[in-house]
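Understanding the architecture of this molecule
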Amino acid sequence: MKNRDIQAAWKYHDGTKHSYWSIRSNPHFLDWANRPQPFKIYPNVEPLSLPRDLPQTGMAALSALSASVPSASSDSIPDLQDLARILYFSAGITKQRVYPGGEIYFRAAACTGALYEIELYVVSSDLPGVDAGVYHFNPADVSLRLLRKGDFRGNLAQATAREPAVAAAPVTIICTGTYWRNAWKYQARTYRHFGWDNGTLLANMLAVSAASGLGAEIVLGFVDTEVNRLLDLDTGREVSLCLVPIGHRPENPLPTPTEVPALGLETIPVSQHEVEYPVMLEMHDASSLQSEEEVAQWRGKQPVLASPAPAKAEVPLQRLPQEAQPKDTIEQVILRRGSTRVFDKTASIALARLSTILTCATRGLPADFLQPPGTQLNDLYLIVHSVEGLEPGAYFFRRERDNLELLKEGTFRAEAHHLGLEQQLPADACVDIFFLADLSRILERYGNRGYRAVQMEAGAIGGRMYLATYAQRLGATGLTFFDDDVTNFFSPHAKGKSAIFLLAIGKPLRGAH
Ligand SMILES: Cc1cc2nc3c(=O)[nH]c(=O)nc-3n(C[C@H](O)[C@H](O)[C@H](O)COP(=O)(O)O)c2cc1C
């Protein structure tokens, strides 16, 4: 089993680290004439327009982020409007801006470089307003395109070794990643970005599903070739990353899996020419699961135990009083969200606001790889610059105790500037949240696929943080970082851990774009 040979994940991770020197010794220039298309287009398949005028769920964003999954004993079956809402508020176009290089269509979830390499497909049974089939979602014209007619959920149940949520779901959304669309700018780091950018989108998808009264879960355990074949992907260019079963039908007769012939549908090329980065294809292959038995075994193992760490001075998190909780709906917050481009470095935020962001985002993701529920792979470390109620310094978020532990006191704006790839944003924010993970333990437990899991989990928690931040009318941006310098900064506490993700939070400078 290739997945057990974890040197592959280490090779990819170590080989794609950023450092002060790697950035200078490998400068990369963007070839604007070869800029990738932001949409996958099937020119010969008729679009089925989705409704655009959707009734609001009315659920406050913070409630949607922490809503519990509806009971598995009752029916929750999405209709066409639910499906349209979930797809649009996960991957739809929310803003459009003209730049010297052309027009950019910004989407519902944050994405590295606004390159939008994550595509969505739908595998549905007969639903109110939707015929059973395999569809591709195109955000450009807000429509579905039918790729295969009929009910193929039996194929997904088989590919996931009858994962319970997939087996009971009336519809499952599949997220894929298109290498070149992101690698045009980020080269071999794109495989990390698959997890990050899929994760931010998943945060929206889970919240909007919950607000629609529909359970949803992230499923990472599946036989890759079976799912890729169902979608007829050209796997040198595009691969399946995760499945999201939506809704629940307790009595759910599944059709028997059927053979799926190649479709040979024409698609518009992403660019005039593409550059292949073999390390990413190797990483994907090495983290692929090859049989149902392997999937079942992968899912059934023991959880990763949290790394023991000594407790230091602790500051308990504070709750925003009920009357101070923002009431804007999840849809309003998603439409308002947009990464902050300049922070007001004279601003500060209250500890209660930061606490709300941390608790909403880390309440436990519904995911097949996080068992028992509530388990988390990433640890959160903070550089606090200006949070009322906290001394400036470096902190560790001890999730199970709901508190922040002071690791070292001091003003670290210059260090944050360096760690965040010498960008101004992390220096001017009120707080920077770094995600670090004990990769050795994670790879030991999950094999190479643990690498996919830890990156995707970080993106999803980061995506929830974006939403909890914008719900409170604050600003945030994802950032990239100098890997080993991050670990060193938080050591000895973080010794042996790897840097995975970074999000800066603060107040946007008024008038800045
Ligand atoms: C994981 C992640 C990393 C990012 N890294 C950076 C960064 O290093 N510098 C930056 O200015 N923006 C960064 N961004 C912000 C993106 O450029 C932004 O999400 C994208 O342009 C889409 O715009 P929007 O978030 O306003 O919708 C990052 C976003 C994400 C999700």
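What you see is a predicted model, and the numbers here were worked out from it, not measured in a lab.

What to know about the sheet that holds strand β15 (residues 431-437)
The strands that make up a sheet pair up through hydrogen bonds in the backbone, lying either parallel or antiparallel. On the basis of which strands lie adjacent, the open sheet formed by seven strands has the order β9-β14-β13-β11-β15-β17-β16 and antiparallel pairing. The open sheet terminates on both sides in strands that have one partner only, identified here as β9 (314-316) and β16 (475-479). Adjacent strand axes in the sheet meet at a mean angle of 25° when their direction is disregarded. By the bridge criterion, three bridges tie β9 to strand β14 (residues 403-409) in an arrangement that is antiparallel. The residue of β14 that forms the bridge with Pro-316 is Asn-403.

Observations concerning the sheet that holds strand β4 (residues 118-124)
Pairing is antiparallel across the open sheet formed by six strands, whose spatial order is β1-β6-β5-β4-β7-β8. Each edge of the sheet is formed by a strand with only one pairing partner; in this case those strands are β1 (47-49) and β8 (238-246). Going from strand to strand, the sheet's axes swing by 30° on average, the running direction of each strand aside. Taken together, the six bridges between strand β5 (residues 133-138) and strand β6 (residues 143-149) define a ladder with antiparallel strand orientation. Within the sheet, the bridge partner assigned to Asn-138 lies in β6 and is Ser-143.

A closer look at the nonpolar core
Counting 141 residues, the largest nonpolar core has Leu-354 and Phe-490 as its most contacted members. Among residues more than four places away in sequence, those in contact with Phe-490 are Tyr-381, Leu-382, Ile-383, Ala-394, Tyr-395, Leu-407, Phe-434 and Leu-436. In this structure, Tyr-42, Phe-152, Leu-231 and Leu-233 belong to the second largest nonpolar core, which totals 19 residues.

Some words on the site of the ligand
Close contacts around the ligand come from 20 residues, with Arg-337, Ser-339, Arg-341, Gln-423 and Gly-478 the closest. Here an oxygen atom of the ligand and a backbone polar atom of Cys-111 are 3.2 Å apart. Coverage of the ligand by the protein amounts to 88% of the 610 Å² it exposes when considered alone. Of all the secondary structure elements, the ones that give two or more residues to the shell around the ligand are β3 (102-107) and β16. Ranked by residue count, the leading element in the shell around the ligand is β16, at three residues. Residue composition of the shell around the ligand, grouped by class: nine nonpolar, eight polar and three charged.

Some remarks on the packing of helix α16 (residues 439-446) against helix α17 (residues 449-471)
At a minimum axis separation of 7 Å, α16 and α17 run at an interaxial angle of 125°. Relative to α17, the element α16 lies oblique. Viewed along their axes, α16 and α17 form a crossing whose handedness is right-handed. Together, Leu-439, Ile-442, Leu-443 and Tyr-446 of α16 and Arg-449, Gly-450, Tyr-451 and Val-454 of α17 make up the contact between the two elements. Among the residues making up the contact of α16 with α17, the classes are represented as six nonpolar, one polar and one charged.

Focus: the packing of aromatic side chains
This structure, assessed with the given rule, holds 18 aromatic pairs. An aromatic cluster is built from Tyr-381, Phe-396, Phe-412, Phe-434, Phe-489 and Phe-490, whose rings are joined through pairwise contacts. Stacked on the ring of Tyr-20, the Lys or Arg Arg-24 has its end atom at 3.7 Å from the ring centre. In this structure, Arg-337 packs its charged tip against the face of Tyr-466, placed 5.0 Å from the ring centre.

Some words on the pattern of salt bridges
Throughout the structure, instances matching the rule amount to 25 salt bridges. As a salt-bridge pair, Arg-85 and Glu-331 come within 4.0 Å of each other at their nearest N and O atoms. You can see Arg-85 sitting in helix α4 (residues 80-91) and its partner Glu-331 sitting in helix α12 (residues 330-336), a full 246 residues away along the chain. Glu-331 gets classed as buried once you look at its relative accessible area, which sits at 2%. Across the pair Glu-274 and Arg-237 runs a salt bridge, and its minimum N-O distance is 3.2 Å. One end of the pair, Glu-274, is in the loop between β8 and α10 (278-286); the other, Arg-237, is in the loop between α9 (224-231) and β8, and 37 residues separate them in sequence. Residue Glu-274 is classed as partly exposed on the basis of its relative accessible area, which comes to 32%. Since its relative accessible area comes to 42%, Arg-237 is described here as partly exposed. Shared partners join several salt bridges into a network, and the residues in it are Asp-14, Lys-17 and Asp-484.

Thresholds, definitions, all that
Residues numbered from 1 in each chain as written. Predicted model: local features only at pLDDT ≥ 70, side-chain atom pairs only at ≥ 80, totals over all residues. Heavy atoms only, no water. Pairing = 2+ DSSP bridges. Helix = DSSP H or I, 4+ residues; strand = E, 2+ residues; numbered from the N terminus. Axes fitted to C-alpha atoms, helices over the stretch in contact; angles between N-to-C directions. Core = buried A, V, L, I, M, F, W, Y, C linked by side-chain atoms within 4.5 Å. Buried < 20%, exposed > 50% of the residue type's maximum accessible area, 1.4 Å probe, protein only. Contact = heavy atoms within 4.5 Å. Near = heavy atom within 4 Å. Polar contact = N/O pair within 3.5 Å; in protein donor to acceptor, adjacent residues only side chain to side chain. Areas by Shrake-Rupley, 256 points an atom, 1.4 Å probe, with all protein chains shown as cover. Nonpolar A, V, L, I, M, F, W, Y, C, P; charged D, E, K, R; others polar. Parallel < 35°, antiparallel > 145°, perpendicular 65-115°, else oblique. Left-handed = near helix turned anticlockwise from the far one by under 90°. Phe/Tyr/Trp six-rings, centres within 6.5 Å; stacked < 30°, edge-to-face > 60°. Lys NZ or Arg CZ within 6 Å of the ring centre and 35° of its normal. Salt bridge = Lys/Arg side-chain N within 4 Å of Asp/Glu carboxyl O.

Worth remembering: the numbers are spatial, not functional.
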